[in-house]
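Here is what each chain is made of, one letter per residue.
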Amino acid sequence: MYQKVLLYVDDRPESEKAASEALRLARVCDARIFATWVMPETVTPTALAQPTKRRAGKRKAQPGSELEEHAWSRLYEIEDDAFEQNVRISLLLETGNRDDKLLAVIDSYQLDALMLGTRSIAGWEALIERSPVAVMLIR
Amino acid sequence: MEKLSAMMVQEAVVLDLKAQDKVGVIKELAQLLIARDLITDPDEFYAAILRRENLESTGIGSGIAIPHARTKAVKQLVLAFGRSVAGVDFNSLDNKPCYDIFLIAAPEEKKSEYIATLARLSKFLRREEVRNDLTQAKTAEEVIEIVRRYE
């Protein structure tokens, strides 16, 4: 079964579902989660999509350093949930092209699955095509 | 949220850690908070912070580690800082030793402030100029001033 799972984290509601599912999978498989947020090189005001339910009503993050702080907050929220559930987790904040960075993380840490939250496969085809490991889409 | 510099405890800033392993570093820093009566139950605090260290690495790369715990054993959200000249193995993902260690102790009920503090500190410490200045600091007051200047 899976030992090391890459969880792609972003600001969409589906990402929160993927995080819950990743922690559940980790408990079942005794796997370690690598929760990873990829910041774009150039941050625009639209870099954050809809806030997750958990963050709804809170101030939206702004470009640049505020987006970085927001990303860390989301990662540490997941880490705190993992701790409560006795799940091993590592946090990564990368900057660059999303697909390239995720593939590099998979390669660097020899991960064996990628999990992400999305309502549609649109926009993910190239990553799925290039991924050397199983890709799980959670909606 | 309170500023990071305001959370720092001057008496819990160590510029030359004696401990050479991560458990020793955590205990050396926590002891300073215990001495200030900021941690009411040392055993519970150690259990919480070491359980987290066993589950994950709090080394975030670039020579930085942020061991942290949120537990009933803590009175208020505080930061301790330690600098290791030799470096300490925190099992960081980049496999490099850690030289600057910020320890966060938070009360159980302060979850959102605790998460925000972790996030702000992680962002803050990714800046190379911050790390360079921390390396150069000669006194506890200077360390706190560096945090105040850049936050």
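Criteria and thresholds
Residues numbered from 1 in each chain as written. Chains lettered and ligands numbered in written order. Predicted model: local features only at pLDDT ≥ 70, side-chain atom pairs only at ≥ 80, totals over all residues. Heavy atoms only, no water. Contact = heavy atoms within 4.5 Å. Buried area = accessible area lost by both parts, 1.4 Å probe. Salt bridge = Lys/Arg side-chain N within 4 Å of Asp/Glu carboxyl O. Polar contact = N/O pair within 3.5 Å; in protein donor to acceptor, adjacent residues only side chain to side chain. Helix = DSSP H or I, 4+ residues; strand = E, 2+ residues; numbered from the N terminus. Nonpolar A, V, L, I, M, F, W, Y, C, P; charged D, E, K, R; others polar. Pairing = 2+ DSSP bridges. Axes fitted to C-alpha atoms, helices over the stretch in contact; angles between N-to-C directions. Phe/Tyr/Trp six-rings, centres within 6.5 Å; stacked < 30°, edge-to-face > 60°. Buried < 20%, exposed > 50% of the residue type's maximum accessible area, 1.4 Å probe, protein only. Lys NZ or Arg CZ within 6 Å of the ring centre and 35° of its normal.

**Q** Got a minute to help me understand the interface of chain B and chain A in this structure?
**A** By a widespread convention, an interface's size corresponds to the accessible area lost as its parts come together. Every contact between the two is made by 20 residues of chain B and, on the other side, 24 residues of chain A. In total, chain B and chain A occlude about 2000 Å² of area from one another, counting both sides; carbon and sulfur atoms represent 51% of this. A per-residue breakdown of the area chain B buries against chain A is headed by L55(B), L93(B) and K123(B), which together make up 32% of the total. Here R120(B) and E69(A) are joined by a salt bridge, their closest N and O atoms 3.2 Å apart. Inspection of the region where chain B meets chain A yields 11 residue pairs in polar contact (both at pLDDT 80 or more). Those elements that place two or more of their residues in the side of chain B that touches chain A are helix 3 (42-55), strand 4 (68-71) and helix 4 (111-125) of chain B. Taken together, the residues of the side of chain B that touches chain A sort by class into 9 nonpolar, 3 polar and 8 charged.

**Q** Looking at this model, I keep getting lost on the sheet that holds strand 5 (residues 134-138) of chain A. Mind explaining?
**A** One key point about sheets: their strands pair by backbone hydrogen bonds, in either a parallel or an antiparallel sense. Residue and element names in this part refer to chain A. The 5 strands lie next to each other as 3-2-1-4-5, forming an open sheet whose pairing is parallel. Looking at strand neighbours, the two that pair on one side only are strand 3 (88-95) and strand 5, the edges of this open sheet. The sheet shows a mean angle of 25° between the axes of neighbouring strands, taken without regard to direction. Pairing between strand 1 (residues 4-8) and strand 4 (residues 113-117): 3 bridges, direction parallel. Looking at the pairing, L6 lines up with L114 of strand 4. Contacts between helix 1 (residues 13-29) and the sheet are confined to strand 1, strand 2 (32-39), strand 4 and strand 5, with strand 4 contributing the most and set at about 145° to the helix. Here helix 2 (residues 65-84) sits on the sheet in contact with strand 1, strand 2 and strand 3, set at roughly 170° to strand 3.

**Q** Looking at this structure, how should I read the packing of aromatic side chains?
**A** To describe a pair of aromatic rings, one takes the distance between the centres and the angle between the planes. Evaluation of the coordinates by the stated rule reveals 5 aromatic pairs over all chains. Relative to W124(A), the ring of Y8(A) has its centre 5.6 Å away and its plane inclined at 70°; by these criteria the two rings are edge-to-face. On the criterion of sequence distance, the pair formed by Y8(A) in strand 1 and W124(A) in the loop between strand 4 and helix 4 (125-130) is long-range, its members being 116 residues apart. Just as Y8(A) is buried, W124(A) falls in that class too. The positively charged end of R98(A) is found above the aromatic ring belonging to W124(A), 3.8 Å away from the centroid. The ring of F83(A) carries R51(B) above its face, with NZ or CZ at 4.0 Å from the centroid.

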